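# Report on the structure
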Amino acid sequence: MVDEGRRSGEAADGERPGGRQPETGFGVEEGQLTLRERKKLRTRQRISGEATLLFIRRGFDHVTVAEVARAAEVSTMTVFNYFPRKEDLFLDRIPEARELIVRAVRERGADEPPLAALRRLVLGLLAERHPLAGVGEGFEHFWRTVLDSPALRARGREAVEEMEGTLAALLAEAAGGDMDRPGHDARLGAALIVAAIRVAYVEAAARQLGGDPVDEVAVEQAEVLRRTFEALERALPGFA
């Protein structure tokens, strides 16, 4: 995904102390990485950036992985070493989204409920115009590319299911339960939270595709998200 001229994408394997994954680049300053890690990060960013430009220009389903490899000046095998699936070349921030959710819930303050931590995360991403907030200059190209591709839409639905599963495990853990076997309350809570946030994101995407000013969408999206979390807190008092 391209973010205001920047090429997104962070790398995928290896791990630093504290659970950070150096080749993803999530939350890690480049100066903290080894030379090998920096090279892998830049390679991943280059591959994802070239793929994003090709997909937006020609449509996801009309570009092959081999063409992406040629544009990035790497082998097809190298592309798959960084991105197991073609869809992950464009939806390359799914791992980052999962990591941010995990960190928000697990690293929240002692007196901060899970819903408050998630609210703080989501509103914070929007305030900084992070690509995962879904609101920003040029984002309509990203949304249009996704909507035009059955494969990307399917991967997006799958990612939502993955996030729901991750969140259910986190809510179970926060309640002192078994995160490997979340109970009904945790699973229902995760489903409601993910569905509610998804509705807000879909509305923001539709407005941007309709040509509404980004700043206006961002301001109103923040209010929508605040109301969304207020409703979730009433519906899920056990996590509020």
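Just so it is clear, the structure is predicted and the values come from calculations on it, not from any experiment.

## Let's talk about the UniProt feature "DNA-binding region" (unreviewed entry) in the protein chain
Those places that UniProt annotates as "DNA-binding region" (unreviewed entry) correspond, in this numbering, to residues 64-83. Taken as a whole, residues 64-83 contains 75% helix and 0% strand, while its terminal C-alpha atoms sit 13 Å from one another.

## A word on the packing of aromatic side chains
Per the counting criterion, the structure on display carries 4 aromatic pairs. Geometrically, the ring pair formed by Phe55 and Phe60 is tilted, given 4.7 Å between the ring centres and 55 degrees between the ring planes. Taken as a pair, Phe55 and Phe60 share a single burial class, namely buried. On the basis of relative accessible area, Phe55 is assigned to the buried category, the value being 0%. Three or more aromatic residues joined by ring pairs form one cluster here, namely Phe55, Phe60, Phe90, Phe142 and Trp143.

## Overview of the side chain of Thr166
Position of Thr166 among the secondary structure elements: in helix H8 (residues 150-174). Excluding anything up to four places from it in sequence, Thr166 contacts Arg98 and Val102.

## Some details on the environment of Glu67
As for its placement among the helices and strands, Glu67 is situated in helix H2 (residues 65-72). Among all residues touching Glu67, those that are not within four sequence positions of it are Leu54, Arg58 and His62. Within polar-contact distance, the side chain of Glu67 engages the side chain of Arg58 at 3.1 Å.

## Some words on helix H5 (residues 94-106)
Taking 1.5 Å as the rise per residue, H5 with 13 residues should run 18 Å; its terminal C-alpha atoms sit 19 Å apart, in good agreement. Taken together, the buried positions of H5 are occupied by Ile94, Glu96, Ala97, Glu99, Leu100, Ile101, Val102, Ala104 and Val105. On its buried face, H5 sits against helix H6 (114-127) and H8.

## Some thoughts on the nonpolar core
Counting residues in each nonpolar core, the largest one holds 66 residues, and the members touching the most others are Ile47, Phe55, Val68, Leu89, Leu167 and Ile193. Of the domains in this structure, domain 1 (33-89) and domain 2 (92-235) are the two that each give at least three residues to this core. Ignoring any residue separated from it by four or fewer positions in sequence, one finds Ile193 in contact with Leu115, Leu118, Leu167, Leu171, Leu232 and Leu236.

## Quick look at unusual backbone geometry
Peptide bonds are mostly trans, and most non-glycine residues show a negative phi. If you check the backbone angles, Glu73 has positive phi at about 60 degrees while not being a glycine. Inspection of the secondary structure assignment puts Glu73 in the loop between H2 and helix H3 (76-82). On the basis of relative accessibility, which here comes to 71%, the residue Glu73 falls in the exposed class.

## Concerning the confidence of the model for the protein chain
Model confidence for the protein chain is summarised by a mean pLDDT of 88, while 87% of its residues fall at 70 or above. Counting interchain partners and residues more than four positions distant, the pLDDT-below-50 stretch residues 2-28 has 80 contacts.

## Observations regarding the packing of helix H9 (residues 184-209) against helix H10 (residues 214-235)
Between H9 and H10, the shortest axis-to-axis distance is 10 Å and the interhelical angle comes to 165 degrees. Considering their axes alone, H9 and H10 lie roughly antiparallel with respect to each other. Considering only the axes of H9 and H10, their crossing is right-handed. Residue-level inspection shows Leu192, Ile193, Ala196, Ile197, Ala200, Tyr201, Glu203, Ala204, Arg207 and Gln208 of H9 in contact with H10, the latter providing Val214, Glu216, Val217, Glu220, Gln221, Val224, Leu225, Thr228, Phe229 and Leu232. Of the residues belonging to the contact of H9 with H10, the class tally is 13 nonpolar, 3 polar and 4 charged.

About the criteria used
- Going along each chain's sequence as written, the residues are numbered from 1 onward.
- Per-residue local features are limited, in this predicted model, to residues with pLDDT of at least 70; the limit for side-chain atom pairs, both in listing and counting, is 80 or more; totals at the level of whole chains, interfaces and linings are taken over all residues.
- Think of the side-chain values as coming from all heavy atoms in the structure, minus any hydrogens and water.
- UniProt positions are given in the numbering used here, feature names are shortened, and annotations may be inferred rather than shown by experiment.
- Strands are runs of DSSP state E lasting at least 2 residues, helices are runs of H or I lasting at least 4, and numbering of each runs from the N terminus.
- A pair of Phe, Tyr and Trp rings is counted when the ring centres sit within 6.5 Å of each other, with Trp represented by its six-membered ring. The angle between the planes then sorts it: under 30 degrees is stacked, over 60 is edge-to-face, the rest tilted.
- With a 1.4 Å probe rolled over the protein chains alone, any residue whose accessible area is under 20% of its type maximum counts as buried; one over 50% counts as exposed, and the rest are partly exposed.
- Note on definitions: a residue-residue contact is assigned when non-hydrogen atoms from the two residues lie within 4.5 Å.
- In protein, a polar contact requires one atom able to donate a hydrogen and another able to accept it; more generally it is a pair of N or O atoms within 3.5 Å, and residues adjacent in sequence count only if both atoms are side-chain atoms.
- Between the first and last residue of a helix there are one fewer steps than residues, each counted as 1.5 Å, and that sum is the expected span.
- To define a nonpolar core, start from buried Ala, Val, Leu, Ile, Met, Phe, Trp, Tyr and Cys residues and group those joined through side-chain atoms within 4.5 Å.
- Segmentation into domains, and thus their bounds, comes from an automatic or database assignment.
- As a per-residue quantity, pLDDT reports the predictor's confidence and falls between 0 and 100.
- Note on geometry: axes are C-alpha line fits, over the in-contact stretch for helices, and angles between N-to-C directions span 0 to 180 degrees.
- With respect to orientation, any angle under 35 degrees is reported as roughly parallel, any angle over 145 as roughly antiparallel, any angle of 65 to 115 as roughly perpendicular, and every other angle as oblique.
- Should the near helix be turned anticlockwise from the far one by less than a right angle, the crossing is termed left-handed; should it be turned clockwise, right-handed.
- Under the convention adopted here, Pro, Cys and the residues Ala, Val, Leu, Ile, Met, Phe, Trp and Tyr are nonpolar, Asp, Glu, Lys and Arg are charged, and Gly plus all remaining residues are polar.

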